[in-house]
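Each chain, written out:
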Amino acid sequence: MPASLLVGETLDAPRFVSVGEAASPQSNQKPFDEPDCILPALDRYDGDANDSQVTRRVSETTNGQSRPAHKISPLIRLRGARPCRYRQFCLLQSWEGTVTSKQGDTFLARLVDLHVRTNPIEIAEIPIDEIPVPDRCLLALGTVFYWSIGYETKPGGQLTRASEIRVRRSPVWSHRDIDEMKARAKELEAWLGYDVHGDNEESPAPAQ
Amino acid sequence: MTSTATTKSRPPRHNEIEISLFGPGIGECLVIHPGLNRWMIVDSCLNESRQRSIALDYLEELGVDASSQIEWVLATHWHDDHIAGLAGIINRATSAKFACSAALRCREFLDLVSIHDKMLLVEDTSGISEFEEVIRILQHRTHRHGKGPDLWANANMRILQNSFGVEVWALSPSAQSVTNGLGEIARLLPKPREIIRRFPVMDANDQSVVLRIDSPSQSFLLGADLEIQADTRCGWRAILAEPHRVSAAYKVAHHGSPNADCQEIWDRLVVRDACALLTPFAAGRVPRPSDEDVARLKRCTNRLYCTVWPSTKKPPRRQGVDKTMNEVTKMRRAIHTKSGHIRVRAPLDYSSDIQIELFDGAKQL
Amino acid sequence: MPNIRSPELQGAAIVAIGAFNPAIFQPHWFALNQLIRREEADSAEVRIVSREASIFSTDWFELKVIDRRFAIDTKDPTMFRVLRDLAIQTFRILEHTPVDAFGFNTERHFRMDTDEEWNAFGDYYVPKQTWNALLTRPGMRSLVIEGSRPECNENRMQIKLEPSLEIHPGIAFYVNQHYGLDAKNTGVPDRLHRFVTALCESWDNFLEYSDRVSQHLLTECATRAE
């Protein structure tokens, strides 16, 4: 079974009909969420402030008899997996950039066109103000960022032109990474067959 | 002086020297025929489709067998604009020897090369990954047991000599530059808890390999990216401290940048009104050669040629996007992808003027 | 010649099957490891974090780790590569995680101009003549095709067409690229390396392929209609 996204389905969902027939009368209705997913009672619920609300709801449902909340394991009800976080963004252009120099309040970047790979590389000077504040501390030589330009339609229907830069986040070098690097370098040195700082086999003759 | 496609594909005679210079907006490559149908490639840059080295494209056009006729491949330094596609050349040139700067002959550089596996998603912009690939190919060559580069080039070292009396000499890096290079490479090494980033361009120009090709009748100076340093034991000053043959043609160092140029080079290392060949570098804050660079160089010679001119071009138009880009950026320019080609040829067995041919948009400035 | 349509809504997801410790996957773990902004971790909506399951969402992605299934998805087309980076860096840190299979997923929703055009699309790919003898007003609910791509040797592709549940009249295209990792014969480090390498080398190509799928299927139908 391929690892695929969950997609909510119900019998009332829209369906294609034959050409010429009217569309399903229910096709304009939003389908129901998929059935709730109920997890088994958990020993420990690393929840948030809603914890008390959950236990209260559980206690109220047990045949109307209240039970001490602390004796009831929390029951977690999850809503259906229908995502409602679509961002309506018409992406016109995107680049991957690399910072090549920083000077004052601007930086120079090499931009690779991610839409049309055959387009030439571009060099751009960009003010640091265009970088989101949380990302500015990451800006250094060699930093990679993504730049997207397009039109966004907000939930209320408003259309706005958007230019967004996001710095790629990378983890840090670990001690293990450094040790592995040095081990590999040692292998290379051994393969070279002589001390890396040793002499060439060819004896140099003075230039004229 | 511009030439046609039919003349471009005419190979040199066996007793004719050729120096071909390629360079799009970023990158540089020299393809050298020192005679006897043997070839040497110095540095590498990619062709227009960015699929393989332009040197291999050119040699194929001439009908040269890369696997048997390339004698040497040399990387003057490890900046990515000088070795893009080098691994592809090494892979094809199975009988070639490989040389690089002696400044790389250190554990610290091997440490850097060994990092590549850890730096996933690093693309294109670091010569480290290209070098790592080169070493991997050399390691797997069965007839090269336990061999790394065949030569670690430094000052006053002869790389090649043939029966026509042609010699290729390395004039740099100096011993002091090699020592300085160790510290600079070490500073690039990652430290624990540092964020993983693409390697910045290291100031490796001091360690780059300047070459001089001597034929019985004339010489040709290839300046790589060597710069003028305050320390007289490094850079061009170290070369100028010794007597040298004067050259009839000069591949101008570091794309004509003023930090790689001084009057002494023109007075003491090249003939009056020498042929000066340039490649642009358009990725810096100031594209090179700038108009000021060109004016300065033209005071030294009337025969100045550039593989691509102007060095940058306008970005392609993108509907609905240009306006936003221009609002966000203070400056924007596009890099040429197609390289021009300057070809220098001269007979080996008698003295005559060198012949200059320009292809694919190369220009006399 | 029909114009190239742009999807009105898009999503992408990376799913892995293996042995996970859901309790690790908390927003601040990601922030501490420099994988998301601290502000994103602070504002994350946490549904649950426990030994059995972790589910939280930020303003651009949702993470679900339930039992043997790890999934991150985004509905923001500007963040598809950022999602890939997040997966890569997460599993570079969790380098001992046994992963047995993984999949790349995209969804694209296109709005059709009219109900007729919408119905014609379904009728083109599932002609109703055969079904008229069995059902009254038959309609295609979902069409799933499996196969492989020449460029990707070790995986299975699945393409699904459905009426869109998000827009009407709309068509949704779901593309899944599945990789099996031969857990019996391959060690944990090699499997994880394969996963991370595929993310580095194949994710962009997969996104381009998904785009081609929807454009091809829309264009084929429209061309025939003309």
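Residues numbered from 1 in each chain as written. Chains lettered and ligands numbered in written order. Predicted model: local features only at pLDDT ≥ 70, side-chain atom pairs only at ≥ 80, totals over all residues. Heavy atoms only, no water.

1. So, the overall build of chain B
In terms of helices and strands, chain B carries 12 helices and 18 strands. For a compact globule of 365 residues, the expected C-alpha radius of gyration is about 21 Å, and chain B comes in at 20 Å, within 12% of that figure. Considering only residue pairs separated by 6 or more positions, chain B has 70% of its internal contacts joining residues 24 or more positions apart. Of the charged side chains in chain B, 46 are positive and 44 negative; the average position of the first set lies 3 Å away from that of the second. (Helix = DSSP H or I, 4+ residues; strand = E, 2+ residues; numbered from the N terminus. Rg over C-alpha atoms; globule rule 2.2 N^0.38 Å. Contact = heavy atoms within 4.5 Å. Lys, Arg positive; Asp, Glu negative; His and termini not counted. Charge placed at Lys NZ, Arg CZ, Asp CG, Glu CD.)

2. Examining the overall build of chain A
Within chain A, the regular secondary structure consists of 3 helices and 7 strands. The order of α-helices and β-strands along chain A, N terminus first, is β-α-β-β-β-β-α-β-β-α. In chain A, which comprises 208 residues, the share counted as buried stands at 44%. Once local pairs closer than 6 in sequence are excluded, the contacts in chain A between residues at least 24 apart make up 49%. (Buried < 20%, exposed > 50% of the residue type's maximum accessible area, 1.4 Å probe, protein only.)

3. Structural notes on helix 11 (residues 291–298) of chain B
Residue and element names in this part refer to chain B. Looking at helix 11, one finds that the buried residues are Asp293, Val294, Arg296 and Leu297. Viewed end-on, helix 11 has its buried residues packed into an arc of 165°, placing them on one side of the element. Opposite the buried face of helix 11, by more than 90 degrees, sit the exposed residues Asp291 and Glu292. (Arc of directions from axis to C-beta.)

4. Quick look at the sheet that holds strand 5 (residues 97–101) of chain B
Residues and elements named next belong to chain B. The 8 strands are arranged 6-5-4-3-2-1-16-17 in an open sheet whose pairing can be described as mixed. Sheet topology places strand 6 (151–153) and strand 17 (355–359) at the edges, where each strand pairs with a single neighbour. Strand after strand, the sheet turns through a mean of 20° between neighbouring axes, direction not considered. As paired strands, strand 4 (residues 70–75) and strand 5 are joined by 4 bridges and run parallel to one another. Bridge pairing in strand 5 places leucine 74 opposite alanine 99. (Pairing = 2+ DSSP bridges. Axes fitted to C-alpha atoms, helices over the stretch in contact; angles between N-to-C directions.)

5. Quick look at the interface of chain A and chain B
With 70 residues of chain A at the interface, the matching set in chain B holds 72 residues. Summing both sides of the interface, chain A and chain B together bury roughly 6,500 Å²; the carbon and sulfur share of this comes to 56%. In this structure, the connection of chain A to chain B is made through 7 salt bridges. The salt bridge involving B:Arg318 is made with A:Glu122; its shortest N-O contact spans 2.8 Å. The interface formed by chain A and chain B contains 18 residue pairs in polar contact (both at pLDDT 80 or more). For the side of chain A that touches chain B, the secondary structure elements donating two or more residues are strand 3 (88–103), strand 4 (106–113), strand 5 (122–127), strand 6 (144–153), strand 7 (159–167) and helix 3 (175–192) of chain A. Ranked by residues supplied to the side of chain A that touches chain B, first place goes to helix 3 of chain A with 13 residues. Summarising the sheet, strand 5 of chain A and strand 15 (residues 331–335) of chain B pair through 4 bridges and their orientation is antiparallel. (Buried area = accessible area lost by both parts, 1.4 Å probe. Salt bridge = Lys/Arg side-chain N within 4 Å of Asp/Glu carboxyl O. Polar contact = N/O pair within 3.5 Å; in protein donor to acceptor, adjacent residues only side chain to side chain.)

6. Quick word on the packing of aromatic side chains
Residues and elements named next belong to chain B. All told, the structure shown has 30 aromatic pairs over all chains when counted by the stated rule. For the pair tyrosine 250 and tryptophan 266, a centre-to-centre distance of 5.3 Å together with 75° between the ring planes defines the contact as edge-to-face. Residue tyrosine 250 is found in strand 11 (residues 247–251), and its partner tryptophan 266 is found in helix 10 (residues 263–269); the two are separated by 16 residues along the sequence. Taken individually, tyrosine 250 and tryptophan 266 each receive the classification buried, so the pair is uniform in this respect. (Phe/Tyr/Trp six-rings, centres within 6.5 Å; stacked < 30°, edge-to-face > 60°.)

7. So, a nonpolar patch on the surface
A cluster of nonpolar side chains, C:Trp131, C:Leu134 and C:Leu135, forms an exposed patch at the surface whose accessible area comes to about 340 Å². In this fold, C:Trp131 is placed in helix 5 (residues 129–132). (Patch = residues over 30% accessible without salt bridge, like charges linked within 9 Å, V, L, I, M, F, W, Y side chains within 5 Å. Areas by Shrake-Rupley, 256 points an atom, 1.4 Å probe, with all protein chains shown as cover.)

8. Things to note about the pairing of strand 5 (residues 69–74) of chain C
Residues and elements named next belong to chain C. Of all 6 residues that make up strand 5, 5 are buried, and the element is covered over most of its length. Relative to strand 5, strand 1 (residues 9–18) is paired through 6 bridges, and the arrangement is antiparallel. Across the sheet, residue isoleucine 14 finds its bridge partner in strand 5, namely isoleucine 72. Bridge analysis of strand 4 (residues 62–66) against strand 5 gives 5 bridges, and the strand direction is antiparallel. Note that in strand 5 the partner of leucine 63 across the bridge is isoleucine 72. What sits between the antiparallel neighbours strand 4 and strand 5 is a turn of 2 residues, in which aspartate 67 has the positive phi angle 55°.

9. Considering the confidence of the model for chain A
All names here are of chain A. Scored by pLDDT, chain A comes out at a mean of 67, with 52% of its residues at no less than 70. Averaged over each element, pLDDT in chain A is lowest for strand 1 (residues 37–38) (36) and highest for strand 5 (96). A low-confidence stretch, residues 1–12 (pLDDT under 50), is modelled with 37 contacts involving residues beyond four sequence positions or located in other chains. Per-residue pLDDT stays below 50 along residues 198–208; that stretch engages in 25 contacts with residues further than four places along the chain or on separate chains. (pLDDT = per-residue confidence, 0-100.)

10. Description of the sheet that holds strand 14 (residues 312–313) of chain B
Read from one edge of the open sheet, 7 strands run 7(A)-6(A)-3(A)-4(A)-5(A)-15(B)-14(B), paired in antiparallel fashion. Only two strands of the sheet have a single partner each, and these edge strands are strand 7 of chain A together with strand 14 of chain B. Pairing of strand 3 of chain A with strand 4 of chain A involves 8 bridges; the strand directions are antiparallel. Across the sheet, residue A:Trp95 finds its bridge partner in strand 4 of chain A, namely A:Asp113.

11. Side note on helix 4 (residues 115–125) of chain C
At 3.6 residues per turn, the α-helix brings residues three or four places apart onto the same side. Three or more residues of helix 4 of chain C are buried, namely C:Trp118, C:Asn119, C:Phe121 and C:Gly122. Considered in projection along helix 4 of chain C, the buried side chains sweep an arc of 150° and stay on one side of the axis.

12. Re the state of the cysteines
Residue and element names in this part refer to chain B. Counted by the stated rule, this structure contains 0 disulfides over all chains. The closest cysteine sulfur to the non-disulfide-bonded cysteine 300 is located on cysteine 262, 9.5 Å from its own sulfur. The buried category is assigned to cysteine 300, whose relative accessible area is 18%. Note on cysteine 306: no disulfide assigned, nearest cysteine sulfur contributed by cysteine 45 at a separation of 13 Å. (Disulfide = S-S within 2.5 Å.)

13. Considering the confidence of the model for chain B
For chain B, mean pLDDT is 88; residues scoring 70 or higher make up 92% of the total. Across the interfaces of the predicted complex, the ipTM metric reaches 0.89, alongside a pTM of 0.82.

14. Focus on the pattern of salt bridges
For the structure shown, the criterion picks out 54 salt bridges over all chains. Among the salt bridges present, the one from A:Arg87 reaches C:Asp76, with a minimum N-O distance of 3.0 Å. One end of the pair, A:Arg87, is in the loop between strand 2 (77–78) and strand 3; the other, C:Asp76, is in the loop between strand 5 and helix 3 (80–93), on a second chain. Classification of A:Arg87 by relative accessible area gives buried; the value is 15%. By relative accessible area, C:Asp76 is classed as buried at 8%. Residue B:Arg52 pairs with B:Asp57 through a salt bridge whose shortest N-O separation is 2.6 Å. B:Arg52 gets classed as partly exposed once you look at its relative accessible area, which sits at 23%. When its relative accessible area of 25% is taken as the criterion, B:Asp57 is described as partly exposed. When salt bridges that share partners are traced, they join A:Glu96, A:Arg117, A:Arg168, C:Arg81, C:Arg84, C:Asp85 and C:Asp204 into one network.

15. Quick look at the environment of B:Ile196
Residue and element names in this part refer to chain B. As for its position among the elements, isoleucine 196 is in the loop between helix 8 (175–188) and strand 9 (211–214). Note on isoleucine 196: relative accessible area 8%, which makes it buried. Sequence separation between isoleucine 196 and serine 311 is 115 residues; the distance between their C-alpha atoms is 32 Å.

16. A short note on the side chain of B:Ser247
Residue and element names in this part refer to chain B. Residue placement: serine 247 occurs in strand 11. The exposure class assigned to serine 247 is buried, which follows from its relative accessible area of 0%. Looking at serine 247, its side chain comes within polar contact range of the main-chain nitrogen of leucine 221, at 3.4 Å.

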